[in-house]
Amino acid sequence: MSQTIQNRYEFLYLFDCQNGNPNGDPDAGNAPRIDPEDMRGLVSDVAIKRRIRNYVQLAKGNAMPNAIFVEHACNLNKHIARAHEEANGQLPQAKSGRKDAVNNARQWMCRNFYDVRTFGAVMSTGPNAGQVRGPVQVTFARSVDPVLPLEVSITRMAVAEDVKGAKSWTDYEKWEAEQKEDTLRTMGRKSLIAYGLYLGKGFISAHLAEQTGFTVDDLKLFFEALLNMYDHDRSASKGQMAVRRPVFVLKHVGTDTNAEQRAAQAKLGCAPAYLLFEQIVQVARKDGVTVPRSFDDYAVTVHEDKIPPGVELLRLPEDMDKLT
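These remarks concern the structure in this document. Sequence positions are assigned chain by chain, starting from 1 and proceeding in written order. With the structure being a predicted model, the display of local features is reserved for residues of pLDDT at least 70 and the display and counting of side-chain atom pairs for 80 or more, all residues being used for whole-chain, interface and lining totals. Side-chain numbers here rest on the full set of heavy atoms in the structure, without hydrogens or water.

## Some points on unusual backbone geometry
Following R245, the chain continues to P246 via a peptide bond in cis, the omega torsion being 5 degrees. Checked against the element boundaries, P246 lands in strand β11 (residues 240-252). Cis geometry is found at the peptide bond from L316 to P317, where omega equals 15 degrees. Mapped onto the elements, P317 comes out in the segment after β14 (311-316). In the Ramachandran plot, N30 falls in the positive-phi region, its phi being about 65 degrees despite a non-glycine side chain. For every residue, the accessible area obtained with a 1.4 Å probe (protein chains only) is divided by the maximum for its type, and the residue is called buried under 20%, exposed over 50%, and partly exposed between those limits. For N30, a relative accessible area of 43% corresponds to the partly exposed category. Not every positive phi belongs to a glycine, and N62 is a case in point at roughly 55 degrees. Examined against the element boundaries, N62 turns out to sit in the loop between α1 (45-60) and α2 (76-88). Its relative accessible area of 27% is what places N62 among the partly exposed residues. Note on conventions: DSSP H or I runs of at least 4 residues are helices, E runs of at least 2 residues are strands, and numbering of each starts at the N terminus.

## A short note on helix α3 (residues 99-112)
Helix span is expected to be 1.5 Å times the residue number reduced by one. In a regular helix each residue adds 1.5 Å, so 14 residues correspond to 20 Å; α3 covers 20 Å between its end C-alpha atoms and thus fits that length. Every buried residue belonging to α3 is among A101, V102, A105, W108, M109, C110 and N112, and all of these are buried. Residue contacts are counted whenever heavy atoms from the two residues lie within 4.5 Å of one another. Against the buried residues of α3 lie α2, α4 (114-119), β6 (131-133) and α6 (206-212).

## Observations concerning the packing of α2 against α3
Note on geometry: axes are lines fitted to C-alpha atoms, helical ones only across the stretch in contact, with angles between N-to-C directions running from 0 to 180 degrees. Axis separation between α2 and α3 bottoms out at 8 Å; the angle between their running directions is 110 degrees. When the axes of α2 and α3 are compared, the pair comes out roughly perpendicular. Here α2 and α3 pass one another in a crossing that is right-handed. Only A101, V102, N104, A105, W108 and M109 of α3 make contact with α2, whose side of the interface consists of H79, R82, A83, H84, E86, A87 and N88. Residues are grouped as follows: Ala, Val, Leu, Ile, Met, Phe, Trp, Tyr, Cys and Pro are nonpolar; Asp, Glu, Lys and Arg are charged; all remaining types, including Gly, are polar. For the contact of α2 with α3, the residue count by class is seven nonpolar, four polar and two charged. Angle categories: roughly parallel below 35 degrees, roughly antiparallel above 145, roughly perpendicular from 65 to 115, and oblique for all the rest. Take the far helix as the reference: if the near one is turned anticlockwise from it by less than a right angle, the crossing is left-handed, and if turned clockwise, right-handed.

## Considerations on the environment of L184
Its location among the elements puts L184 in the loop between α5 (169-177) and β10 (186-204). Residues L184 and Y13, spaced 171 residues apart in sequence, show a C-alpha to C-alpha distance of 46 Å. Ignoring any residue separated from it by four or fewer positions in sequence, one finds L184 in contact with M157, A158, V159, W175, E176 and Q179.

Encoded structure:
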């Protein structure tokens, strides 16, 4: 396994959705999430992390040391209990557990579960393995322009009726034969947006990476997953979604002539994240476009002259080998 990362990073990425629902809100009938004040679309950080987890699970076969802790339809305490058994030989006798036993279990989880050492986890829900703050954090993604959620009617050419008293499939068939044709169809609704270009941001801490064991290989796998996450997330509701290349990565490398001081600067960073996000990459509609309907309706401008000293701009996937 490679060494833990030695540089602080920020990253910015663009993805779009055409004729689909990029992230449904269960509190709003699963309609696309929006900011009600400016009508810009939102995609939650949880949704983005889920797709990164799904990609890693596919790419690595859900095998340790790149297994996924937060799986679909899984009891998390199962993995926490295994961590205690593997690291300490038994489950803790008390719910809180001894400090050394908790620490052993936490380290075992970091070594074996990719999403724990990447995003962190709360592992005090059963046999206590403590909490981990992960080095990689992502924000809610927000659309560049307002989006208009649509709700379209659809026809379902069949029904799913629970026939009372049915004891075999032929009873269902008999009931079906007795119905009028119109009663064997139903209406439904589908939520979508016509088009939206979303901008997401993220942060990677070298200091937190040391605590979880997040390595250079883990970093490259993360960006591989980010670049390709929607290629393995197709569904009838998602429409056409894609992460647009390149992903822009800001790598802090330091400026000091002393190697030791420069390494310390690379970990701490050489400029505030908000300045890097606001000044270097800008996305706007092209002149003459009033209603964007494709990625080609936007211009992405990179101001390389505004990159501060001690910071390098990488474009992924082309510069993947420059991640350290």
